[in-house]
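Per-entry structural report
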Amino acid sequence: MISHESRIIIVGAGVFGLSTSLWLARSGYKDITVFDRCAFDKNYYNPSDGCDGASADINKVFRTSYGSRKDLQALALEARDMWLQWDKILQDSPESELPPGLTREDKLLDICGCYFLAEGPTLRSFYRQGLETSAKETPEWRELQFVKGDLEDERRLRKFDAKWTKKYHVIDKINNGDTNGFIDIAGGINLADKACVYARHLCVKAGVKFVLGDPHGKIEHLVVSGSGLSRRTTGVKTSGGRTHAGDLVIVAGGPWTASIVPEAHLTVEATAGTVMFMDIPKHRTDIWKKFHPDNFPVWSYRKGDGDQYYQGGGFPITKEGRLKFGFLGRKYTSFRDHPTNPDLRVSTPRTKYTSDPISTVPLYGLQRMKRVIGQAFPELADIGFTDSRLCWYTDTVDDEMVIDYVPGYNDSLFVCT
Ligand SMILES: Cc1cc2nc3c(=O)[nH]c(=O)nc-3n(C[C@H](O)[C@H](O)[C@H](O)COP(=O)(O)OP(=O)(O)OC[C@H]3O[C@@H](n4cnc5c(N)ncnc54)[C@H](O)[C@@H]3O)c2cc1C
Ligand SMILES: *[C@@H]1O[C@H](CO)[C@@H](O)[C@H](O)[C@H]1NC(C)=O
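An unreviewed UniProt entry annotates the chain as FAD dependent oxidoreductase domain-containing protein originating from Cladophialophora chaetospira. The record in UniProt for the chain states the following under Cofactor (unreviewed entry): "FAD".

Here it is as structure tokens:
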């Protein structure tokens, strides 16, 4: 049985490890230690500075629409209030009270709008379901969603602010305008790296301890003792050679989860999505202005199904002048021998920072992205991509989150991803 005095170890300080530790600490658990192989206390989750977890990213889509999934929609709306509250606290804090890596100008959630598009004239069923779910469950939020090409919706949108009507048309060139979809002006982007810095700051304030960086924050393997029904995890061993004892080990290792918990390979799999960047030169003020989050929403575009499926999108420009584009119409695995289980091969992230570094992305997605982006934003063609990233998802067998004890360890080992 776990009590408020139990020693709790959390592996991974991405969003799952951070939120788990924050809410455990706020619920009265007193002895929580989070390990991560990345030195987030020094690099502030900066993806250009050695961080390759999914959560360490410059920005992410924040949406309030999830097709027919009203549970996910409810979670998003609950989170939205919290993000806005965090932003308010940030803005009102003296600079000296902010954790390093954050300024008062950083918006953890920027409500720049979220545009969902698909090919052809007929509203894609996933979008239609999203609008229907909103209308049924949360009609006040449905008021903030506007169907593309619907004149009445455009009139409704104009009432909010002229800037929204501009955003409503700013991606009209995708597929030469032959698109359907809607803009959600309650959605936008999270500054993911900054949000993690702030969440970690809250964890520290709530009493959570962190052991970060390679080798002392890197978990080499779990420590397991006993057999049969008494088998349990008693702690973790780090690459630095130290053993830490715990009554409960929670693995929030994202795409590395199966590398740490071999049994998890049946449930989760690391798959890479394609991310491209474009650094806009200072003198291209036209582009800086057009893609500024005040003038430009985050967008995603889908077409086709099965082997032909396309899903990709783009973000507004960052303060540093960086545009990000993603493609997840096809994702990639990278199988290798399991680090502790010789009979097993598991898909394991390979990034710019792993021991066998990779700094390219699959040509398949890149070529398709170029076609869509080149047509929608011809002014970007001359600049071209300036950087790339393989970003590793943790896909699960049924696309649900996995939040549970691992069977066979007498409730001493937990996975959340
Ligand atoms: C390309 C891409 C685009 C995405 N876009 C969006 C989006 O727009 N909006 C959205 O909401 N979501 C998006 N997601 C999903 C979102 O990023 C993830 O759901 C989320 O970041 C997962 O968090 P996590 O904590 O499970 O994993 P991670 O952030 O990957 O964290 C796992 C952590 O475990 C650590 N770790 C691993 N092994 C060890 C070890 N042995 N010892 C110590 N530490 C270890 C890693 O260093 C890492 O920090 C995207 C994901 C990808 C890959
Ligand atoms: C499982 O763990 C509990 C303590 O959490 C212990 O009381 C029980 O004996 C354990 N079961 C076995 C079969 O060892």
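Moving on from the coordinates now.
In total, this model carries 17 aromatic pairs according to the counting rule given. Taken together, a centroid distance of 5.8 Å and an interplanar angle of 80 degrees make the contact between Phe-146 and Phe-160 edge-to-face. Separated by 14 residues along the polypeptide, Phe-146 in strand E6 (residues 145-147) and Phe-160 in helix H6 (residues 151-160) bring together distant segments of the chain. Given a relative accessible area of 0%, Phe-146 falls into the buried group. The exposure class of Phe-160 is partly exposed, given its relative accessible area of 42%. Ring centres 5.3 Å apart and planes at 70 degrees place the aromatic pair Phe-291 and Phe-377 in the edge-to-face group. One end of the pair, Phe-291, is in the loop between helix H10 (285-290) and strand E15 (298-303); the other, Phe-377, is in the loop between helix H11 (363-376) and strand E20 (387-396), with 86 residues separating them in the sequence. Cluster of aromatic residues (ring-pair linked, three or more members): Phe-116, Phe-126, Tyr-127 and Phe-182. A cation over a ring is seen here: Arg-231 above Tyr-409, with NZ or CZ 4.3 Å from the ring centre. Its end group placed over the ring of Tyr-364, Arg-330 keeps NZ or CZ at 3.9 Å from the ring centre.

Let us now look at the pattern of salt bridges. Where charged atoms from two side chains of opposite charge approach closely, those side chains can pair. Overall, the coordinates contain 31 salt bridges when judged by the stated rule. Residue Asp-31 pairs with Lys-209 through a salt bridge whose shortest N-O separation is 2.8 Å. On the criterion of sequence distance, the pair formed by Asp-31 in strand E2 (residues 31-36) and Lys-209 in strand E9 (residues 209-212) is long-range, its members being 178 residues apart. Among the residues examined, Asp-31 registers a relative accessible area of 23% and is labelled partly exposed. Between Glu-137 and Lys-70 there is a salt bridge, with its nearest N and O atoms 3.7 Å apart. With Glu-137 in helix H4 (residues 125-137) and Lys-70 in helix H3 (residues 70-92), this residue pair connects regions lying 67 residues apart in the sequence.

Inspection of the secondary structure assignment puts Arg-80 in helix H3. Buried charge Arg-80 goes without a salt bridge, the closest partner of opposite sign being Asp-81 at 5.0 Å. Apart from the residues within four sequence positions on either side, Arg-80 is in contact with Phe-62, Thr-64, Leu-109, Ile-111, Trp-141 and Ala-186.

Attention shifts here to the site of ligand 1. If you check the shell around ligand 1, you find 28 residues, and the closest are Asp-36, Ser-55, Val-61, Ile-219 and Cys-391. Between ligand 1 and Lys-60 there is a distance of 3.2 Å, counted from an oxygen atom to a side-chain nitrogen or oxygen. The backbone of Val-61 places a nitrogen or oxygen atom 2.7 Å from an oxygen atom of ligand 1. Among the elements of the structure, helix H1 (15-26), strand E3 (60-62) and E20 are those that each provide at least two residues to the shell around ligand 1. Considering each element in turn, the shell around ligand 1 owes the most residues, three residues, to E20. Residues belonging to the shell around ligand 1 are distributed by class as follows: 16 nonpolar, eight polar and four charged.

Around ligand 2, the neighbouring residues are Met-1, Leu-229, Ser-230, Arg-232 and Asn-410. One of the backbone N or O atoms of Met-1 is found 2.7 Å from an oxygen atom in ligand 2. In the environment of ligand 2, an oxygen atom lies 2.3 Å from a nitrogen or oxygen atom belonging to the side chain of Asn-410. Here the shell around ligand 2 is built from residues that sort into two nonpolar, two polar and one charged.

The next thing to look at is the pairing of strand E1 (residues 7-11). Residues in a regular strand point their side chains to alternate faces of the sheet. Counting buried residues along E1, four of its five residues qualify, which places the element largely inside the surrounding structure. Bridge count for E1 against E2 is five bridges, and the pairing is parallel. Considered in E2, the bridge of Ile-10 is made with Val-34. In this region the chain leaves E1, passes through H1 and returns to the parallel neighbour E2; the handedness of that crossover is right-handed. Sheet analysis places E1 next to strand E13 (residues 248-251), joined by four bridges and oriented parallel. Counterpart to Ile-8 in the pairing with E13 is Leu-248.

The residue Thr-179 is located in strand E7 (residues 179-184) in this model. Here Thr-179 falls in the buried class, since its relative accessible area comes to 9%. The spatial distance from the C-alpha of Thr-179 to the C-alpha of Arg-7 is 54 Å, given a sequence separation of 172 residues. The residues touching Thr-179, leaving out its near neighbours within four places in the chain, are Leu-117, Ala-118, Gly-120, Lys-148, Ile-174 and Tyr-301. A distance of 2.9 Å separates a polar atom in the side chain of Thr-179 from a polar atom in the side chain of Lys-148.

Calculation criteria
Residues numbered from 1 in each chain as written. Chains lettered and ligands numbered in written order. Predicted model: local features only at pLDDT ≥ 70, side-chain atom pairs only at ≥ 80, totals over all residues. Heavy atoms only, no water. UniProt positions renumbered as here; feature names shortened; annotations may be inferred. Phe/Tyr/Trp six-rings, centres within 6.5 Å; stacked < 30°, edge-to-face > 60°. Helix = DSSP H or I, 4+ residues; strand = E, 2+ residues; numbered from the N terminus. Buried < 20%, exposed > 50% of the residue type's maximum accessible area, 1.4 Å probe, protein only. Lys NZ or Arg CZ within 6 Å of the ring centre and 35° of its normal. Salt bridge = Lys/Arg side-chain N within 4 Å of Asp/Glu carboxyl O. Lys, Arg positive; Asp, Glu negative; His and termini not counted. Contact = heavy atoms within 4.5 Å. Near = heavy atom within 4 Å. Polar contact = N/O pair within 3.5 Å; in protein donor to acceptor, adjacent residues only side chain to side chain. Nonpolar A, V, L, I, M, F, W, Y, C, P; charged D, E, K, R; others polar. Pairing = 2+ DSSP bridges. Right-handed = clockwise from strand over helix to strand, strands pointing away.

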